[in-house]
Amino acid sequence: MSVLKKILGVFKIILVVLMIIFIVCFCSIVYQKKVMKVGMPNLFGYTGGAIVSGSMEPNIHVGDYVIVDVNGGYNKGDVVMFKRGNAYIAHRVMDIFDDYIITKGDNNETEDVEIPKDTVVGPVVKVIRGLGSFTMLLAKYKFLVLIIVVLVIILL
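Chemist: Summarise the pairing of strand β5 (residues 100-104); cite the residues concerned and give the values.
Modeler: Consecutive residues of a regular strand have side chains that alternate between opposite faces of the sheet. When you tally the buried positions in β5, you get 4 out of 5 residues, the bulk of the element. Pairing between strand β4 (residues 87-96) and β5: 4 bridges, direction antiparallel. Within β5, the residue paired with Arg 92 across the bridge is Lys 104. Between the antiparallel neighbours β4 and β5 lie 3 residues.

Written out as structure tokens, the structure is:
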């Protein structure tokens, strides 16, 4: 029985550490969004976003999550994330000029209009299949997630 208690104790410590990391990251993102008014908060120089359109099919799918290096450079042929209006879009760089770039979704017929370089968030460095669907669900039900996190902390 004592072996089981030790295993549960270790599991509890790991769970608490993960919860603390989650809370610190969450607070950092909230601070960046609400206080610093950063449009796309980042952690350790990386940000990300869920893919909501099929413009990058067959390489990046609806429901995928992309990780973006906010300090990274990009070249012709790389996929970058940029801001257009209130939306963040991930498309492939077709050409680079002094003040702007030309991008195109892999599944689109035509190139995008000129994208000012100062609206580029950075290059996509990783695609995680399906995670975007999960993050969109979390965003939609964030109050429920907060209640679950608080209940888990209380139960520990």
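Structure shown, so let's carry the discussion forward.
Chemist: Now, about the environment of Lys 33: what can you tell me, with residues and values included?
Modeler: Note that Lys 33 resides in helix α1 (residues 2-34). On the basis of relative accessible area, Lys 33 is assigned to the partly exposed category, the value being 45%. Taking C-alpha positions, Lys 33 is 35 Å from Glu 109, a pair spaced 76 residues apart along the chain. Those residues in contact with Lys 33 that lie beyond four places of it in its chain are Val 38, Gly 39 and Pro 41.

Chemist: Give a description of the environment of Gly 39 that names residues and reports values.
Modeler: The residue Gly 39 is located in the loop between α1 and β1 (46-50) in this model. Its relative accessible area of 42% is what places Gly 39 among the partly exposed residues. Those residues in contact with Gly 39 that lie beyond four places of it in its chain are Lys 33 and Tyr 88.

Chemist: How would you explain the sheet that holds strand β3 (residues 79-84) if you had to name every residue and give the values?
Modeler: Hydrogen bonds between backbone atoms are what pair the strands of a sheet, whose relative direction is either parallel or antiparallel. Pairing within the open sheet is antiparallel, and its 7 strands lie in the order β1-β2-β7-β3-β4-β5-β6. In this open sheet, the two edge strands, each paired with only one partner strand, are β1 and β6 (115-116). In terms of strand pairing, strand β2 (residues 65-69) meets strand β7 (residues 120-128) through 4 bridges, oriented antiparallel. Along β7, the bridge assignment pairs Ile 67 with Lys 126.

Chemist: I'd love a proper account of the packing of aromatic side chains, names of residues and values included.
Modeler: A full pass over the atoms with the stated rule returns 1 aromatic pair. Judged by centre distance (4.7 Å) and plane angle (25°), the ring pair of Phe 97 and Tyr 100 falls under stacked. Judged by relative accessible area, Phe 97 falls into the partly exposed class, the value being 34%.

Cut-offs and rules
Every chain begins its residue count from 1, and numbering advances along the sequence as written. Selection of residues for local features in this predicted model requires a pLDDT of at least 70, selection of side-chain atom pairs for listing and counting requires 80 or more, and totals for whole chains, interfaces and linings are taken over all residues. Hydrogens and water molecules were not included; the side-chain quantities draw on all heavy atoms of the structure. We call a residue buried when its accessible area falls under 20% of the maximum for its residue type, exposed when it is over 50%, and partly exposed in between, using a 1.4 Å probe and counting protein chains only. Under the scheme used here, helices are H or I runs from DSSP no shorter than 4 residues and strands are E runs no shorter than 2 residues, and both carry numbers assigned from the N terminus. Pairing between strands is defined by DSSP: at least two bridges between the two strands are required. When checking whether two residues touch, look at their non-hydrogen atoms; a contact exists if any pair is within 4.5 Å. Pairing of aromatic side chains here covers Phe, Tyr and the six-membered ring of Trp, requires ring centres within 6.5 Å, and sorts the geometry by plane angle: under 30 degrees stacked, over 60 edge-to-face, intermediate tilted.

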